[in-house]
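Observations on the three-dimensional arrangement
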Number of protein chains: 2
Amino acid sequence: MDSLKKLQDIKVAVDAVIFGYFDKKDLHILLIKRNVEPFKGGWALPGGLVLDDENLDDAVKRELQEEAGIKPDFLEQLYTFGNTGRDPRNRVVSVAYLGLVNPSYHELFADSDADDAQWFSINQLPKLAFDHQKIIDIALKRLRTKIQYQPVGFNLLNDEFVFSELENLYTTIIGKEIDRRNFRKKIMSYGLLNETSQFKKEGSGRPGKLFTFNQEKYKELEEEGFYFEIK
Amino acid sequence: MDSLKKLQDIKVAVDAVIFGYFDKKDLHILLIKRNVEPFKGGWALPGGLVLDDENLDDAVKRELQEEAGIKPDFLEQLYTFGNTGRDPRNRVVSVAYLGLVNPSYHELFADSDADDAQWFSINQLPKLAFDHQKIIDIALKRLRTKIQYQPVGFNLLNDEFVFSELENLYTTIIGKEIDRRNFRKKIMSYGLLNETSQFKKEGSGRPGKLFTFNQEKYKELEEEGFYFEIK
């Protein structure tokens, strides 16, 4: 390694694709406005270089705190982007993460490391710095696949919710209508939901029964997986 | 980035977990015998530092060629391991890959970068260098999940095969018996197999019909996914 040390000049960064779920809106993504060159003043994913004494997961959490003031409800490694030429300054290998938050519980706050932090609809993204559009495309594909075989993202709902809110979460993430009857049947068959004795009135329809998640079952399915076949 | 350049001292490497499928044997993994310190003389995953002008995928292919003389039939990024302290020499972030080969078509050949290259049963692995056992554990889990929703690894079979060989591939990768009748029904329902008019005799049983893969359908399912629910 000593002989290679002087040969290799590659930096390691982390970037985060954080999805925000707003009830009855398109899926959103957190972007920050860059305050340094290159792409100064342009929008980009939150992220930055990893510190020498810092694990990758800690680096991405720190960057999210510094650039947007948030701590995601769900965060996992997505993919590592390392092609030559993806950063005009220096070879940078970026370990990208995928995260989810419920924006109602997270006020954005751009600290010193960014000029601004905002939610953008995935259908109205600005032009992005570096290869960040490609990273977002891959993150969205992963999220849409993942939600079909793992109960990811259910923690974006409030603790108590009506069934239509869970349906909306799926419809929003998948980005298209789903077979609602089949979806309800499947979800109920997994024993993931606990009925409460409470109801919630929405609009002019009948009040909907409030549900909570069975946390034990949720963890079990996170580990073992399920399958919804939403197509 | 200029100010950070001197601050960051992290190297980027690639490592590969290459699974080999031998008919009627346990799943195997390719290991190389290290010829440099640390862990000199010990077994490890093939891999090494990325060159400055080389993409990550190219780096792992080069290392596999140099250390074991092979080119995998299937290769994809697995996960990036970057915790501090995982290499005693220097902070090294390793982008790990998962690959599959049919060893009958790949003779191992340890070139100058390793003292030996061999297949080991996943049930009889030697003590491994660095955090490579952990990388293998995660690769195995990924492969076992993946094969349930994507037709990965079917290219480990010969071009023409009897159905029991496909069953064996699944049983070997999953590491336990499967519901054969249900499996056959599912596989056939996806239209993935073409029947040939040829038969192959194995042991004392009736000759089995030879199948080939419908490559078009294979590609389609690789993209869209399926679900086998082998449990």
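Residues numbered from 1 in each chain as written. Chains lettered and ligands numbered in written order. Predicted model: local features only at pLDDT ≥ 70, side-chain atom pairs only at ≥ 80, totals over all residues. Heavy atoms only, no water.

**A few points about unusual backbone geometry**
Residues and elements named next belong to chain A. This is how it is decided: Think of it this way: any DSSP run of H or I at least four residues long counts as a helix, any run of E at least two long counts as a strand, and we number them from the N terminus.
Residue glutamate 37 is joined to proline 38 through a cis peptide bond whose omega torsion reads -5 degrees. Note that proline 38 resides in the loop between strand E2 (27-33) and strand E3 (43-44). Unusually for a residue other than glycine, phenylalanine 130 sits at a positive phi of about 50 degrees. Structurally, the position occupied by phenylalanine 130 is in the loop between strand E7 (116-121) and helix H3 (132-146).

**What about the confidence of the model for chain A?**
All names here are of chain A. Counted only if it meets this: Scored from 0 to 100, pLDDT reflects the predictor's confidence in each residue.
Taken as a whole, chain A shows an average pLDDT of 88; of its residues, 95% reach a score of 70 or greater. Mean pLDDT values over the elements of chain A span from 48, in helix H1 (residues 2-5), up to 97, in E3. Complex prediction metrics read pTM 0.90 and ipTM 0.88.

**What to know about the pattern of salt bridges**
Residue and element names in this part refer to chain A. The test is simple: The rule for a salt bridge is simple: a side-chain nitrogen of Lys or Arg has to be within 4 Å of a carboxyl oxygen of Asp or Glu. Each residue's exposure class comes from its accessible area (1.4 Å probe, protein chains only) as a fraction of the maximum for that residue type: buried when under 20%, exposed when over 50%, partly exposed otherwise.
According to the stated counting rule, one finds 24 salt bridges over all chains in the structure shown. A salt bridge links aspartate 87 to arginine 89; the nearest nitrogen and oxygen atoms lie 2.7 Å apart. Exposure remark for aspartate 87: the relative accessible area of 9% places this residue in the buried category. Across the salt bridge formed by glutamate 167 and arginine 180, the nearest N and O atoms sit 2.1 Å from each other.

**Regarding the sheet that holds strand E8 (residues 161-162) of chain B**
Filter applied, for reference: Strand pairing is defined by DSSP finding a minimum of two bridges between the two strands.
Taking strand neighbours across the sheet as the criterion, the 3 strands line up as E8-E10-E9 (chain B) in an open arrangement whose pairing is antiparallel. The strands lining the two open edges of the sheet, one partner per strand, are E8 and strand E9 (193-200) of chain B.

**A closer look at the environment of Trp119(A)**
Residue and element names in this part refer to chain A. This is how the line gets drawn: A contact between two residues is defined here by any heavy atoms of the two lying within 4.5 Å.
Residue position: tryptophan 119 is located in strand E7. In this structure the C-alpha to C-alpha distance between tryptophan 119 and proline 103, which are 16 residues apart in sequence, comes to 8.8 Å. In this structure tryptophan 119 touches Ile18, Phe19, Gly20, Phe22, His28, Ile29, Leu30, Val101, Pro103 and Leu108, once residues within four positions along its chain are discounted.

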